[in-house]
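# Notes for the structure review
The primary structure of each chain is shown beneath.
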Amino acid sequence: MQGAVTPGYTADRETVLKLLNEALATEIVCVLRYKRHYFMAEGIAADAVKAEFLQHANEEQQHADQIAARIVQLNGEPNLNPEGLTSRSHAEYVEGEDLIDMIKEDLVAERIAIDSYREMINYIGDKDTTTKRMLEGILAMEEEHADDLVGLLEEMDK
Ligand SMILES: [Fe+2]
Ligand SMILES: [Fe+2]
């Protein structure tokens, strides 16, 4: 009962599952950070920024869900244990002092996510095209997120 995992699956499944669980932890930390920023954002420029934080939080949640579903397809188990979440995650949970600080912290996290997805895609190569395609979609969205944040900083002249 191997489901989607056939003998033709040539990737190292255990390693792929470990990488996917790290990506899952990263996405969850990003959801939590963006939610915190969404609720804490205040000031003159806060409305547009809040909307962006909320949208990013929802998109990171979609990424987490996609990754968890793929882990199960690969006969693994998504690690959703809050214990150790931040050590499994590539990105950090930083609360930020003010609006600008929050945006800058989010940008740092997005750039870390971009690099880690790029590394995973290169590692997986053509050995697991479904996982690779999913990661490429997520990577493209993380790049958009980083670009949105730079746009916000520019608008705020920072
Ligand atoms: Fe994401
Ligand atoms: Fe993102």
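Residues numbered from 1 in each chain as written. Chains lettered and ligands numbered in written order. Predicted model: local features only at pLDDT ≥ 70, side-chain atom pairs only at ≥ 80, totals over all residues. Heavy atoms only, no water.

Taking 1.5 Å per residue as the helical rise, helix H5 (residues 129-155) with its 27 residues ought to reach 39 Å, and the 39 Å between its terminal C-alpha atoms agrees with that figure. Those residues of H5 not exposed but buried are Thr131, Lys132, Met134, Leu135, Ile138, Leu139, Glu142, His145, Ala146, Leu149, Leu152 and Leu153. For H5, the secondary structure elements touched by its buried residues are helix H1 (13-40), helix H2 (46-73) and helix H4 (99-124). Asp157 lies just past H5 and shows a positive phi near 60 degrees. (Helix = DSSP H or I, 4+ residues; strand = E, 2+ residues; numbered from the N terminus. Expected span 1.5 Å × (residues − 1). Buried < 20%, exposed > 50% of the residue type's maximum accessible area, 1.4 Å probe, protein only. Contact = heavy atoms within 4.5 Å.)

Going through the model one piece at a time under the given rule, you end up with 8 salt bridges. Within this structure, Asp115, Arg118 and Glu143 form a network of salt bridges that share partners. (Salt bridge = Lys/Arg side-chain N within 4 Å of Asp/Glu carboxyl O.)

With that out of the way, let us pick up the packing of H2 against H4. One way to put it is that H2 packs onto H4 with a least axis distance of 12 Å and a crossing angle of 25 degrees. What the angle tells us is that H2 and H4 run roughly parallel. Here H2 and H4 pass one another in a crossing that is left-handed. Residues Ala46, Val49, Phe53, His56, Glu60 and Ile67 of H2 form the contact with H4, whose participating residues are Leu99, Met102, Ile103, Asp106, Glu110 and Tyr117. Looking at the contact of H2 with H4 residue by residue, the classes come out as 8 nonpolar, 1 polar and 3 charged. (Axes fitted to C-alpha atoms, helices over the stretch in contact; angles between N-to-C directions. Parallel < 35°, antiparallel > 145°, perpendicular 65-115°, else oblique. Left-handed = near helix turned anticlockwise from the far one by under 90°. Nonpolar A, V, L, I, M, F, W, Y, C, P; charged D, E, K, R; others polar.)

Side chains of a nonpolar character, in soluble globular proteins, are inclined to be buried together. Counting residues in each nonpolar core, the largest one holds 43 residues, and the members touching the most others are Leu20, Phe53, Ile67, Tyr117 and Leu135. If you tally residues by element for this core, the top one is H4, at 11 residues. (Core = buried A, V, L, I, M, F, W, Y, C linked by side-chain atoms within 4.5 Å.)

Coordination of the iron ion (ligand 2) by the protein involves Glu60 (OE), Glu110 (OE), Glu110 (OE), Glu142 (OE) and His145 (ND1), with metal-donor separations of 2.0 to 2.3 Å. Summarised as a motif, the one-chain spacing of the donors to the iron ion (ligand 2) is E-x49-E-x31-E-x2-H. A separation of 3.9 Å is found between the iron ion (ligand 2) and the iron ion (ligand 1), both of which receive a donor from Glu60. With a gap of 35 residues between them, Glu110 in helix H4 and His145 in helix H5 connect regions that are remote in the sequence. Overall, Glu110 belongs to the buried group, its relative accessible area being 1%. You can call His145 buried: its relative accessible area is 1%. (Donors = N, O, S within 2.8 Å, 3.2 Å for Na, K, Ca; no water.)

Interpretation note: all reported values are geometric properties and have no functional meaning in isolation.
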